[in-house]
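# Descriptive analysis of the structure
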Amino acid sequence: MLGMRVVRSEAELGAALKTARGARESLGFVPTMGALHAGHIALVERARGENEVCAASIFVNPLQFAPSEDLSAYPRTEEADLALLSAAGTDVVLIGRSEDLYPPGFATTVDVARVTEGGEGAQRPTHFRGVATVVAKLFGMFQPTRAYFGWKDMQQCCVIKRMVRDLSLSVTIVPCETVREADGLACSSRNRYLDREQRAKAPCIHRALCAARELFRAGERRHAAFERLVRSHLEPDFVVDYLEVRDEEDFARSADPVTGGRLVIAARLGRTRLLDNLPLAP
Ligand code: PAF
């Protein structure tokens, strides 16, 4: 078996994909911003298992960071990332560079309406334009059969699915369930910002969502009851940005009574924002 090809430009990528694909039909693609953890690797393993060729990208996309967000502080762990991708069976990985993905004259952005309202869209108004634009660009470059995203970023999954449908892109989006640490904390590149004390407190988010799911399964349908219960499980130093039940397809906010969907939370612990969600129905 050939080793993993690491490429750093669009031209090199084209050649590497041509060689890797040969006569093979299906390509599974996992776009990432690096700082890889078990959640990313689960996506790669799924892509590996469901496709003949498996590809990934590492690109810290400046377009999805607001000027107030520190792009230069985003963790960059290229060597460790490449070792993980190689061990998980990736055939081709692109290390993206801004000057290659957004060359001089680049003038196109992708705006997905409605699905981007509320949630992260309200907190970070230009974020999803950056995400949709880079993912559309990467889909153009990789031409994948399937692309894999984690449910942890639920709104991102909904935005990408909407974009693919609206623009008739020929790729199947495969959302994959959140991978968790042993204590329930959702794997995230942001977890590395938590200090010891915060790390010990962080899993209460998952415990809170599980308690709400139990309440739903016991017959509760009032949004306010879920909200009360979740807040009662959170450590006092959490600041909740939003806590809502949202639909898995279009991220529409659930009315009362709640009939299903995912309970989504974004909460700050110190300077770290943690995101998580859980489907309510079995
Ligand atoms: O989820 C991420 O890591 C990023 O938003 C993505 C999809 C790689 C686009 O930059």
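Up top is the structure.
Sequence order as written defines residue numbering, which begins from 1 separately in each chain. Since the coordinates come from a predicted model, pLDDT governs what is reported: local features require at least 70, and pairs of side-chain atoms require 80 or more to be given and counted, while whole-chain, interface and lining totals use all residues. The basis for every side-chain value is the complete set of heavy atoms in the structure, and neither hydrogens nor water enter the calculation.

### Regarding the site of the ligand
Around the ligand, the structure places Pro-31, Thr-32, Met-33, Asn-61, Gln-64, Val-131, Val-134, Phe-149 and Gln-156. Interatomic distance of 2.6 Å between a side-chain N/O atom of Gln-64 and an oxygen atom of the ligand. Throughout this description, a polar contact denotes any pair of N or O atoms lying within 3.5 Å of each other; where both atoms belong to protein, one of them has to be capable of donating a hydrogen while the other can accept it, and for residues adjacent in sequence the pair is counted only when both atoms sit in side chains. At 2.7 Å, a side-chain N or O of Gln-156 approaches an oxygen atom of the ligand. The protein chains hide 88% of the 290 Å² of surface that the ligand would expose on its own. Helix and strand labels come from DSSP, where a helix needs a run of H or I of at least four residues and a strand needs a run of E of at least two; each type is numbered from the N terminus. Secondary-structure elements contributing two or more residues to the shell around the ligand are strand 2 (27-32) and helix 6 (127-142). Note on residue classes: Ala, Val, Leu, Ile, Met, Phe, Trp, Tyr, Cys and Pro are nonpolar, Asp, Glu, Lys and Arg are charged, and everything else, Gly too, is polar. By residue class, the composition of the shell around the ligand is five nonpolar, four polar and no charged. Note on terminology: near, applied to a residue and a molecule or strand, indicates that one of the residue's heavy atoms is within 4 Å of it. To be clear on the numbers: accessible area is Shrake-Rupley with a 1.4 Å probe, and residue cover counts the displayed protein chains and nothing else.

### Things to note about the side chain of Glu-244
The residue Glu-244 is located in strand 7 (residues 238-246) in this model. In terms of polar contacts, Glu-244 uses its side chain to reach the side chain of Arg-246, at 2.9 Å. In what follows, a contact means two residues having at least one pair of non-hydrogen atoms within 4.5 Å. Ignoring anything within four residues of it in the chain, the contact list for Glu-244 reads Gly-119, His-223, Arg-253, Arg-262, Leu-263 and Val-264.

### Here's the deal with the sheet that holds strand 4 (residues 92-95)
Backbone hydrogen bonds are what pair the strands of a sheet, in a parallel or an antiparallel way. Strand pairing is assigned whenever DSSP detects at least two bridges linking the two strands. Here six strands make up an open sheet; going across it, the order is 1-4-3-2-5-6 and the pairing parallel. What marks the edges here is a single partner per strand, and that holds for strand 1 (5-7) and strand 6 (172-176). Each strand axis lies, on average, 25° off the axis of its neighbour in the sheet, ignoring direction. For every element, the axis is a line fit to its C-alpha atoms; helices are fit only across the contacting stretch, and the angle between N-to-C directions ranges from 0 to 180 degrees.

### Quick look at unusual backbone geometry
Looking along the chain, the bond that leaves Asp-256 and enters Pro-257 is cis, with omega of -5°. Tracing the backbone through its elements, the reader meets Pro-257 in the loop between strand 7 and strand 8 (262-269). Phi at Arg-114 is positive, roughly 60°, even though this residue is not glycine. With respect to the helices and strands, the residue Arg-114 is situated in the loop between helix 4 (98-101) and helix 5 (119-123). You can call Arg-114 exposed: its relative accessible area is 66%. Positive phi is not limited to glycine here, since Ser-168 has a value of about 50°. With respect to the element layout, Ser-168 can be found in the loop between helix 7 (154-166) and strand 6. Exposure classes here rest on a 1.4 Å probe applied to the protein chains alone. A residue is buried below 20% of its type maximum, exposed above 50%, and partly exposed in between. Here Ser-168 falls in the exposed class, since its relative accessible area comes to 62%.

### A closer look at the nonpolar core
Throughout, nonpolar core names a set of buried Ala, Val, Leu, Ile, Met, Phe, Trp, Tyr and Cys residues whose side chains join them through atoms within 4.5 Å. In this structure, Phe-139 and Phe-142 are the most contacted members of the largest nonpolar core, which totals 43 residues. Within the residue set of this core, elements represented by two or more residues are helix 1 (10-21), strand 2, strand 3 (53-58), strand 4, helix 6, strand 5 (146-150), helix 7 and strand 8. Per-element tally for this core: the top contributor is helix 6, with nine residues. With residues near it in sequence (within four places) discarded, Phe-139 still touches Phe-29, Pro-144, Ala-147, Phe-149, Ile-160, Met-163, Val-164, Leu-169, Val-171 and Ile-173.

### A closer look at the pattern of salt bridges
Within this document, salt bridges are pairs made up of a side-chain nitrogen of Lys or Arg and a carboxyl oxygen of Asp or Glu, the two lying within 4 Å of each other. Counted by the stated rule, this structure contains 23 salt bridges. Linking Asp-241 and Arg-268 is a salt bridge whose minimum nitrogen-to-oxygen distance equals 2.8 Å. One end of the pair, Asp-241, is in strand 7; the other, Arg-268, is in strand 8, and 27 residues separate them in sequence. A salt bridge links Arg-262 to Glu-248; the shortest N-O distance between them is 2.8 Å.

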